[in-house]
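Structural features, examined
The chain contents come next:
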Amino acid sequence: MKIHEHQAKELLKKYELPILKSAVAFSAEEVGKLTWDLFESQGTSVVVLKAQIHAGGRGKGVIHRADTNEPVEFEGKLLHGVTIIKNGQLADKAYRISKEIFGNKLVTLQTGAEGKIVNRVLIEEGCNIEREYYVGIVLDRQLGKNTIMASTQGGMEIEKVAEETPELILKEVIDPKIGFQDYQARRLAFGLGLEGATFKNFVEFIHKLVFAYDELDCSLLEINPLVLTSENRFVLLDAKITFDDNAVLRHSDYLALRDTSEEDPLEVEASKYDLNYIKLDGNVGCMVNGAGLAMATMDMIKLSGGSPANFLDVGGGANVERIANAFRIMMSDPNVKAVLINIFGGIVRCDKVANGIVEALKTVQVNLPVIVRLDGTNSEEGKQILLNSGLQFEVASDLKEAAELVTKVLSNN
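Here we summarise the structure given alongside this text.

Scoring rules and cut-offs
- Residues numbered from 1 in each chain as written.
- Predicted model: local features only at pLDDT ≥ 70, side-chain atom pairs only at ≥ 80, totals over all residues.
- Heavy atoms only, no water.
- Core = buried A, V, L, I, M, F, W, Y, C linked by side-chain atoms within 4.5 Å.
- Buried < 20%, exposed > 50% of the residue type's maximum accessible area, 1.4 Å probe, protein only.
- Helix = DSSP H or I, 4+ residues; strand = E, 2+ residues; numbered from the N terminus.
- Contact = heavy atoms within 4.5 Å.
- Pairing = 2+ DSSP bridges.
- Axes fitted to C-alpha atoms, helices over the stretch in contact; angles between N-to-C directions.
- Salt bridge = Lys/Arg side-chain N within 4 Å of Asp/Glu carboxyl O.
- 1 Å grid on protein atoms, 1.4 Å probe; cavity = no way out; pocket = protein on both sides within 12 Å on 5 of 7 lines; lining within 4 Å.
- Points joined across faces, edges and corners; volume = space filled by probe spheres on them.
- Nonpolar A, V, L, I, M, F, W, Y, C, P; charged D, E, K, R; others polar.
- Phe/Tyr/Trp six-rings, centres within 6.5 Å; stacked < 30°, edge-to-face > 60°.
- Lys NZ or Arg CZ within 6 Å of the ring centre and 35° of its normal.

What follows is about the nonpolar core. The biggest cluster of nonpolar side chains holds 43 residues, and the ones touching the most others in it are L12, F202, I206 and L216. Only α1 (5-13), β10 (129-140), β11 (145-151), α5 (182-191), α6 (196-215), β13 (218-229), β14 (234-236) and β15 (240-243) provide two or more residues apiece to this core. At nine residues, α6 tops the list of elements feeding residues into this core. Not counting residues within four places of it along the chain, the set of residues in contact with L12 comprises L17, I19, A212, L216, L221, I223, L236, A239 and I241. In this structure, M287, A324, L361 and L374 belong to the second largest nonpolar core, which totals 33 residues.

Next comes the structure, spelled out in structure tokens:
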């Protein structure tokens with residue numbers, strides 16, 4: 001589960017991490033009022049407006065008109081997702097700029113050409129930047145351990161740094177048996193070329209960040225950039241948090257942070273029924289029980305010349321209601337041109353699944369080719385139920401045949 005920058009910073013404040021004074025607004029009028037009340041009237045000379053979307057690269061991203069997709073200009077210059085305002089009349093200028101941001105799209109490298117609609121803006125005080133660094137903590141799934149990454153290349157996409165200059169990324173793996181150690185913090189500080197007071201400040205900062213990562217049950221905590229100001233203090237200029245979905249039950253307050261407008265509508269709908277669904281770019285709708293089997297099914301579709309339109313795991317309880325909701329969600333995707341159902345009967349019997357498919361199709365209209373592969377407990381009984389149902393199914397004997405049948409029906413349409 002992802003959250004916005006302003007939400008991440010509010011959480012990190014609780015861990016005494018250095019955050020600049022800021023406020024979030026949901027309208028241009030609110031931007032103007034907050035800019036005056038919290039900043040301009042208090043003598044602040046520089047503020048920064050930051051469009052809030054679930055994507056990186058906002059500083060280089062450009063605001064586009066939602067209706068025409070034309071780039072937006074302000075005072076003769078392209079309007080970016082992060083805008084610095086200075087030299088007086090901050091509130092008035094912030095209001096006029098944010099009027100061009102709200103309701104329009106921010107297009108970045110991560111959003112792709114379709115961009116994302118901006119519905120909230122963070123107003124933040126400016127600071128004097130001396131140096132920029134990158135610091136991130138992420139679960140390394142190959143090692144099964146949390147890993148800290150740090151680099152002097154702050155403000156850049158870490159993927160680009162990893163590709164072009166991987167030697168500039170420092171890594172420290174956290175052993176879960178003993179936790180993050182002082183010598184690791186010092187090694188990172190040395191690697192970043194820090195010394196004196198900044199060295200000491202960074203060591204203190206990184207310990208707090210690791211503690212926050214663990215306490216918040218994150219799968220990603222990224223600070224890019226972490227800046228060293230001319231006053232010789234570190235500040236989190238940006239913050240990105242992704243929570244571990246499996247731990248959300250331990251944090252009831254996290255659900256209030258979810259912004260479903262940033263998520264794919266079909267994925268949001270699927271989550272209401274406890275279906276594991278991820279939309280993809282292909283044309284074969286996949287319905288499978290078990291994440292591993294779903295991955296194998298998508299691989300086989302690709303090997304057979306097709307392209308999966310989704311990852312959809314109905315889980316162990318493949319009953320009528322779950323199957324019907326799965327069909328309804330897949331049918332809502334206009335790119336789906338055929339459906340492949342691949343069920344392995346273990347805890348759930350194949351004859352029960354087959355009855356569920358037949359009953360579900362009485363409530364959901366499916367005018368597309370449907371290929372079914374059943375294997376495991378009572379698979380032969382399940383196949384006969386499908387063949388005797390009077391509905392139009394292609395029943396495959398194994399996964400390879402099922403994937404080839406999908407490719408065949410698509411090529412014939």
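Once the structure has been displayed, the description carries forward.
Bringing the sheet that holds strand β2 (residues 46-51) into the picture now. In space, the four strands of this open sheet follow the order β1-β9-β2-β6, with antiparallel pairing throughout. Of all the strands in the sheet, just β1 (22-25) and β6 (82-86) have a single pairing partner and so form its edges. Averaged over all pairs of adjacent strands, the angle between their axes in this sheet comes to 20 degrees, without regard to strand direction. As judged from the four bridges shared by β1 and strand β9 (residues 121-125), these two strands associate in the antiparallel manner.

Our focus in this paragraph is the pattern of salt bridges. Summed over all chains, the structure comprises 29 salt bridges. Notably, a salt bridge pairs E222 with K240, separated by 3.5 Å at the nearest N-O pair. With E222 in strand β13 and K240 in strand β15, this residue pair connects regions lying 18 residues apart in the sequence. Of the residues examined, E222 reaches a relative accessible area of 13% and is grouped as buried. Residue classification places K240 among the partly exposed residues on the basis of a relative accessible area of 28%.

Moving on, we get to the layout of surface pockets. Empty space within the largest pocket amounts to approximately 1,500 Å³. Breaking the lining of the largest pocket down by element, the ones donating at least two residues are β8 (116-117), α7 (265-272) and β16 (276-279). By residue class, the composition of the lining of the largest pocket is eleven nonpolar, nine polar and twelve charged. The space that makes up the second largest pocket amounts to roughly 1,100 Å³. Taken together, 40 residues form the lining of the second largest pocket, with G155, N224, P225, L237 and D238 sitting closest to its centre. Broken down by secondary-structure element, the contributors of at least two residues to the lining of the second largest pocket are β2, β6, β9, β10, α4 (158-164) and β13. Taken together, the residues of the lining of the second largest pocket break down into 18 nonpolar, eleven polar and eleven charged.

The description of an aromatic ring pair rests on the distance of the ring centres and on the angle between the ring planes. Counting across every chain of the model gives six aromatic pairs. Ring plane angle 70 degrees and centroid distance 5.9 Å describe the contact between Y15 and F211, whose orientation is recorded as edge-to-face. With Y15 in the loop between α1 and β1 and F211 in helix α6, this pair connects stretches of sequence that are 196 residues apart. Note on F243 and Y254: the rings are 3.7 Å apart at their centroids and 15 degrees apart in plane angle, and the pair reads as stacked. Placement of F243 in strand β15 and of Y254 in the loop between β15 and α7 is noted, with a sequence separation of eleven residues between them. Relative accessible area serves as the criterion here: at 1%, F243 is assigned to the buried category. The residue whose ring lies beneath K21 is F39, and the NZ or CZ to ring-centre distance is 5.5 Å.

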